[in-house]
Amino acid sequence: MRKTAAKLADGREILYYDLHDNGGAGLRDAPDPRPLPPATPPVTEVRHDEILGDDVVIASHRQTRTFLPPTEACPLCPSSPGRPTEIPASDYEVAVFENRFPSLAGPAGRCEVVCFTPDHHASFAGLTDARAALVLAVWTDRTAELAALPSVRQVFCFENRGEEIGVTLGHPHGQIYAYPFVTPRTERMLASAAAHAATHATRTGGGPRNLFDDVVAAEHEDGRRIVLATDHWTAFVPYAAHWPYEVHLYPRRRVPDLLALGDAARTEFPQVYLELLRRFDRIFDGREGGDGHSTALPPTPYVSAWHQAPFQDPRRSEFALHLELFTVRRAPGKLKFLAGSESGMNVFINDVPPEAAAERLREVASE
C-alpha cells in the first residue's frame, strides 16, 4: 500500500491510499486551486450530562454543511478542469481528508472523511475484493495514527448509506471519529463485560469468562441466527436485535481493535463483508409492497460501524473488535423510526424477529 500526503487550499490534510507503490503517484501532487481562507479550528464543545452520565458534542457550525448537492456539484468526486472539489487529484483509489465541517476538532478530537471510490454512482458492495482490502488497511492505518494523538481515547470508523439514514452526500464514503472520551455505548459494553467476568467462571474454574466470547459461542450453539460463518469470521443476528435487520460480525479470534487483527482474518474479510453488504441489497428484492405488488426499491440504507476498544484503558484487553451492520428499512416502503419508547426511554421495539431476519439473510446468499 502506498500513502501520499498533501494539503488542501485551507491547510487541511488529505491522504491518498493506493494498492501499489506506483499507483498513480503523479496525480497526487495536484494542487488545490480553490481560494479558501486558512482553516481555523471550529468551536466544538463537549458537555457532560450529569444525570445520564453521557458526553454530548455541541457543534453549531455544522448547520452550514453541504446538504444533498446534485451529482455535478459533489465535493467528493475527483477534481476536473473548471470544477475543483475537496479532492484535488483527477483520480484516486481511496482518499481520506479532514472534514471541513467536523463534529470534533482540536482538543475535542478529529473527524475525517473516507472516500472509497472515485465513482459517484458506485457503492461499497460493488468494490472488488482488492479495493475492500485496501479500505480495511486504511481504517487500520487511520486508527493507529489517530490513537497516537494525546487527546484521543477512542477511534470509530463507520459508513452511513442512504438519505433515510441521514446521509447528506450521495457519493460512497464513510467517516472516522476520534473521540476525546470513551463513548457511552462502549462504556456500557465494558461494564457488561466486567459484570459477566465477575459472575461467570470458566468451566474448569480457572478464571472469569469473557462476555463477547460467550455470546459468539452461544450463537454458534443455537445456530438459528447465524448468517454466515467462515474460518476466521462469524456473522449473526443478535438474540436481542434492536433493528429490523441487524448483523454483528466478529473475528473468530478475539482482538481489541483493527490493529490487532491477524493476517488470515484480514485476507478473508473482503469476501465476508462484501457478501453481507450484497445480501443487504437483496433483502427486499422481489418482496411485495403494502398493495400486494412488487416494487422497485432504492438500495438498502444502512449503518456499518466498527466497535473498537478504547485506547489508554486497562479494560481494553477484555473488549472484542466487531462490526455492526443494520438497516432502518423494516419492509418495502416502510422505515423503522425511533418513536417514543426508543427516543424517550431507549427501549427498542423490533417488528422483525431476529430468527426471521437471519433466515431471510441466508435466503439471499450469493449463488
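Residues numbered from 1 in each chain as written. Predicted model: local features only at pLDDT ≥ 70, side-chain atom pairs only at ≥ 80, totals over all residues. Heavy atoms only, no water.

K.L.:
Help me out: how do you make sense of the overall build of the protein in this one?
P.N.:
Of the regular secondary structure elements, the protein holds six helices and 15 strands. Here the C-alpha atoms of the protein give a radius of gyration of 21 Å, agreeing with the 21 Å that 2.2 N^0.38 yields for 367 residues. Expressed as a percentage of its 367 residues, the buried residues of the protein come to 49%. Within the protein, residue pairs in contact and separated by at least 24 positions form 64% of the contacts whose partners lie at least 6 positions apart. Carbon and sulfur atoms form 54% of the exposed surface of the protein, whose accessible area is close to 17300 Å². Here the protein holds 38 positive side-chain charges and 49 negative ones, and the gap between their average locations is 1 Å. (Helix = DSSP H or I, 4+ residues; strand = E, 2+ residues; numbered from the N terminus. Rg over C-alpha atoms; globule rule 2.2 N^0.38 Å. Buried < 20%, exposed > 50% of the residue type's maximum accessible area, 1.4 Å probe, protein only. Contact = heavy atoms within 4.5 Å. Areas by Shrake-Rupley, 256 points an atom, 1.4 Å probe, with all protein chains shown as cover. Lys, Arg positive; Asp, Glu negative; His and termini not counted. Charge placed at Lys NZ, Arg CZ, Asp CG, Glu CD.)

K.L.:
Help me understand the packing of aromatic side chains, please; the structure alone is not making it clear to me.
P.N.:
Here a ring pair, both rings aromatic, is described through the centre-centre distance and the interplanar angle of the planes. Evaluation of the coordinates by the stated rule reveals 18 aromatic pairs. Taking 4.6 Å as the distance between ring centres and 15° as the angle between the ring planes, the aromatic pair formed by Phe156 and Phe158 counts as stacked. Look at Phe158 and you get buried, because its relative accessible area is 8%. Consider the rings of Phe158 and Tyr177, whose centres lie 5.2 Å apart with planes at 85°: the pair is edge-to-face. Residue Phe158 is found in strand S7 (residues 154-161), and its partner Tyr177 is found in strand S8 (residues 173-179); the two are separated by 19 residues along the sequence. The burial state of Phe158 is the same as that of Tyr177; both residues are buried. (Phe/Tyr/Trp six-rings, centres within 6.5 Å; stacked < 30°, edge-to-face > 60°.)

K.L.:
Could you clarify how one ought to interpret the nonpolar core in this entry?
P.N.:
The nonpolar side chains of a soluble globular protein tend to be buried, and buried together. Grouped together as the largest cluster of nonpolar side chains are 54 residues, with contacts concentrated most on Phe124, Trp139 and Trp306. Leave out the neighbours within four places in its chain, and Trp306 touches Leu136, Trp139, Phe156, Cys157, Trp233, Leu258, Phe269, Leu321, His322 and Leu323. Formed by 15 residues, the second largest nonpolar core is a distinct cluster that contains Ile14, Tyr16, Leu76 and Ala89. (Core = buried A, V, L, I, M, F, W, Y, C linked by side-chain atoms within 4.5 Å.)

K.L.:
Any chance you could explain helix H4 (residues 263-282) here in plain terms?
P.N.:
Look at H4: 30 Å from first C-alpha to last across 20 residues, which is about the 28 Å you get at 1.5 Å a residue. Residue Phe269 marks the point of greatest curvature in H4, where the axis turns by about 40°; the proline Pro270 follows within four residues. (Expected span 1.5 Å × (residues − 1). Bend = angle between axes of the 7 residues up to and from the residue.)

K.L.:
How should I be thinking about the sheet that holds strand S9 (residues 226-229) in this particular structure?
P.N.:
Two pairing modes exist for strands in a sheet, parallel and antiparallel, and in both the strands are linked by backbone hydrogen bonds. An order of S1-S2-S5-S6-S8-S7-S12-S13-S11-S10-S9 is seen for the 11 strands of this open sheet, with the pairing classed as antiparallel. Bordering the open sheet on either side are strand S1 (2-7) and S9, each of which pairs with just one other strand. Strand-to-strand twist in this sheet, taken as the mean axis angle between neighbours without regard to direction, amounts to 20°. As judged from the four bridges shared by S7 and strand S12 (residues 302-307), these two strands associate in the antiparallel manner. Bridging across to S12, Arg161 finds its partner in Tyr302. (Pairing = 2+ DSSP bridges. Axes fitted to C-alpha atoms, helices over the stretch in contact; angles between N-to-C directions.)

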